[in-house]
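Fold and contact review
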Amino acid sequence: MPDSYDRLVAKLKRAHVLGTVAGLLGWDEQVNLPTDSADQRAEQSALLAELNHAAASDAEIGKLLGELENARASLTADQQVVVREARRDYDRVTKLPSEFVAEKARLSSAAYHAWAEAKGKADFAAYAPYLEKHLALAKCEAATLGWGDRPYDYAIDKHDPGMTAAKITVLFTELKAGLVPLVRAIAASPVKARTDIFKGFPVEAQRDFLREVTERLGFNYRRGRIDVSLHPFCEGSGADIRMTTRFDADNPLDSLFSSIHETGHGLYEQGLPLALQGTPLGQNAGMGVHESQSRLWENQVSRSRAFWAFFEPRFREKFPAQLAAVSSEELYLAVNEVAPTLIRVDSDEVHYNLHILLRFELEQRLFRGDLAVADLPAAWNALSEELLGLTPTSDKVGVLQDVHWSGGAFGYFPSYCLGNMIAAQLWFTVLKTLPGLEADFAKGDFSRLLGWLRTNIHEQGRRYDTLALVKEVTGEELTPKYLLRYLQERYAPLYLK
Ligand code: ZN
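Scoring rules and cut-offs
Every residue gets a number counted from 1 within its own chain, in the order that chain's sequence is written. The model is predicted, so local features are restricted to residues of pLDDT at least 70 and side-chain atom pairs to those at 80 or more, both for listing and for counting; the totals for chains, interfaces and linings are taken over all residues. Computation of side-chain values: all heavy atoms of the structure, hydrogens and water removed. Per the convention used, a helix needs a DSSP run of H or I reaching at least four residues, while a strand needs a run of E reaching at least two, with both numbered from the N terminus. The contact definition used throughout considers only heavy atoms, calling two residues in contact when any of these lie within 4.5 Å. Axes here refer to lines fitted to C-alpha atoms; in helices the fit is confined to the stretch in contact. Angles between the N-to-C directions go from 0 to 180 degrees. For classification purposes, an angle smaller than 35 degrees is called roughly parallel, one larger than 145 roughly antiparallel, one from 65 to 115 roughly perpendicular, and anything else oblique. Three classes are used: nonpolar for Ala, Val, Leu, Ile, Met, Phe, Trp, Tyr, Cys and Pro, charged for Asp, Glu, Lys and Arg, and polar for all others, with Gly counted as polar. Exposure classes here rest on a 1.4 Å probe applied to the protein chains alone. A residue is buried below 20% of its type maximum, exposed above 50%, and partly exposed in between. Domain borders in the structure are assigned automatically or taken from a domain database. Put simply, buried area is how much 1.4 Å-probe accessible surface two parts lose in total, over both of them, once they are put together. Between Lys or Arg on one side and Asp or Glu on the other, a salt bridge is scored when a side-chain nitrogen of the former is within 4 Å of a carboxyl oxygen of the latter. A helix is expected to span 1.5 Å multiplied by its residue count minus one. Directions pointing from the helix axis toward each C-beta atom define the arc. N or O atoms closer than or at 3.5 Å make up a polar contact, with two conditions inside protein: a donor-capable atom paired with an acceptor-capable one, and, for residues adjacent in sequence, both atoms drawn from side chains. The handedness criterion is simple: a crossing whose near helix is rotated anticlockwise from the far helix by less than a right angle is left-handed, and one whose near helix is rotated clockwise is right-handed.

1. A few points about the environment of Lys497
Here Lys497 is to be found in the segment after helix H21 (481-495). Taking the C-alpha atoms as reference points, Lys497 and Asp196, 301 residues apart in sequence, are found 23 Å from one another. Not counting residues within four places of it along the chain, the set of residues in contact with Lys497 comprises Val191 and Ala492.

What follows is the structure, given as structure tokens:
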């Protein structure tokens, strides 16, 4: 069926290209858009969303998929993957009535503004009705797609194919058992990182330094760029990756590490097979895997001794006066600062997973109907005390801190923690597979690691679901034991000596 297959690919690419245009407009909105141009941009984005939806739900795609599924035996293995994944996408796009999609988009837009205002005033009650509506829509969406008895699993599967709440519960329970004692021990340690020693780092020099770092890690600036936005993100695919960062003269490490994080996302997108762009084999394997790529570069690589053996002299060269009174050990400890905070996005990597456990628990209760939206703040605060040892003084730094639920993005948070687990498991696998890897880092050479990730993760596209990919690459089922081992090996020598 070569003809039907080629026609399918052409249709998929058309929808993909429209998606990339929409993505570029979204990037521009966050980076460049003049303040009074928002209405015009909203109109442009809405039209593109409509065109994109029409292209992705084209009846011809359904017809071609039907033909190809009937002739499955004549397809190559790669073609079978494309047909399988295109079917998954097509069903999700076409089974939801367009009125439903429009209603969800309208609600998300209204809920976003309600959330921002409620957060400013720490007024959860004003936001609660939007959250209730989103929850109802999420259950309705799951039922329409045939997941009526497992709406939360549907929400999770949207972000991490094949993953379920039950599977995550097993992983998170084991993680929590190992993590809480480590966190408590570090909290009781007399060793404290000092981040107030970083003052007056000119933005231009910060920009130069992070450019050098991200280029050395392997980001290709001929097929991407980095700009400034309020919240760092990475957008785009294939030949055009747009990353953003933010700068603070008194917090150079924040900018550096968030840029490295986005670079991890960017390297993944740049490593997807360009020739297969627009087909599922040219697309990423899901949120958990994506996050594993950003976390691996940000944490396992860039918080290591080997990384700083190479970059510390360069960092000092750029900022001689600012770092004159900072010792190497102080710098390395600041890079690996552990301090509890109420805010997820400000959290260190040891506490971070506890923030996710909290959200996962609450989302499950909301979907099961065990928890009313009105009772969410109290439940949040109780769990925050239990897991982090901190009680929010206001909903602003508690239940209202994240934007995700305002867009109806339930089942998204667990991906962050799954990404951390996957990153650690990949890390120990690659250390075993490529002896002397960290000695390369100390020379500023990250190419063997990138090459390994290219072959084993990036070039696989959506061939495997999250768990199957981990099993295929590491030879083992996904387990939290590697994340626990990594955290122990990284932080115990610093804080528990
Ligand atoms: Zn990320």
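2. Some thoughts on the packing of helix H7 (residues 151-159) against helix H15 (residues 349-368)
Direction vectors running N to C along H7 and H15 enclose 135°, while the axes themselves pass 9 Å from each other. Considering the angle they form, H7 stands oblique to H15. Between H7 and H15, the contacting residues are Pro151, Tyr152 and Ile156 on the first element and Phe360, Glu363, Gln364 and Phe367 on the second. When its residues are assigned to classes, the contact of H7 with H15 shows 5 nonpolar, 1 polar and 1 charged.

3. Concerning helix H14 (residues 328-335)
All of the buried residues in H14 are Leu331, Tyr332, Leu333, Ala334 and Val335. Of the surrounding elements, those touching the buried residues of H14 are helix H10 (252-271), helix H12 (305-318) and H21.

4. Quick notes on unusual backbone geometry
With phi around 50°, Ala122 is a residue other than glycine that occupies positive phi space. Position of Ala122 among the secondary structure elements: in the loop between helix H5 (98-121) and helix H6 (124-144).

5. Observations regarding the domain arrangement of the protein
In terms of domain boundaries, the protein breaks down into domain 1 (2-146) and domain 2 (165-495). Here the C-alpha centre of domain 2 lies 26 Å away from the C-alpha centre of domain 1. In this complex, domain 1 contributes 37 residues to the contact, which on the side of domain 2 involves 39 residues. Together, Trp27, Phe124 and Leu135 form the three largest contributors to the area buried by domain 1 at its contact with domain 2, with a combined 20%. Inspection of the region where domain 1 meets domain 2 yields 3 salt bridges. Between Arg462 and Glu85 there is a salt bridge, with the nearest N and O atoms lying 3.0 Å from each other. Broken down by secondary-structure element, the contributors of at least two residues to the side of domain 1 that touches domain 2 are helix H1 (2-31), helix H4 (77-95), H5 and H6. Considering each element in turn, the side of domain 1 that touches domain 2 owes the most residues, 10 residues, to H1.

6. Overview of helix H3 (residues 59-70)
With 12 residues, H3 extends 17 Å from end C-alpha to end C-alpha; this agrees with the ideal 16 Å at 1.5 Å per step. Listed as buried for H3 are Ile61, Gly62, Leu64, Leu65 and Leu68. Taken end-on, H3 shows its buried residues confined to a sector of 165°, consistent with a single buried face. Opposite its buried face, H3 presents the exposed residues Ala59 and Asn70, each directed more than 90 degrees away. The opening residue of H3, the one whose side-chain oxygen lies 2.9 Å from the backbone nitrogen of Glu60, is Asp58.

7. As for the packing of H15 against helix H17 (residues 413-433)
Here H15 crosses H17 at 140°, and the two axes come no closer than 8 Å. Comparing the axis directions of H15 and H17 gives the class oblique. In terms of crossing hand, the pair formed by H15 and H17 is left-handed. On H17, the residues that touch Tyr352, Asn353, Ile356, Leu357, Arg359, Phe360 and Glu363 of H15 are Phe413, Pro414, Tyr416, Cys417 and Asn420. Split by residue class, the contact of H15 with H17 holds 8 nonpolar, 2 polar and 2 charged.

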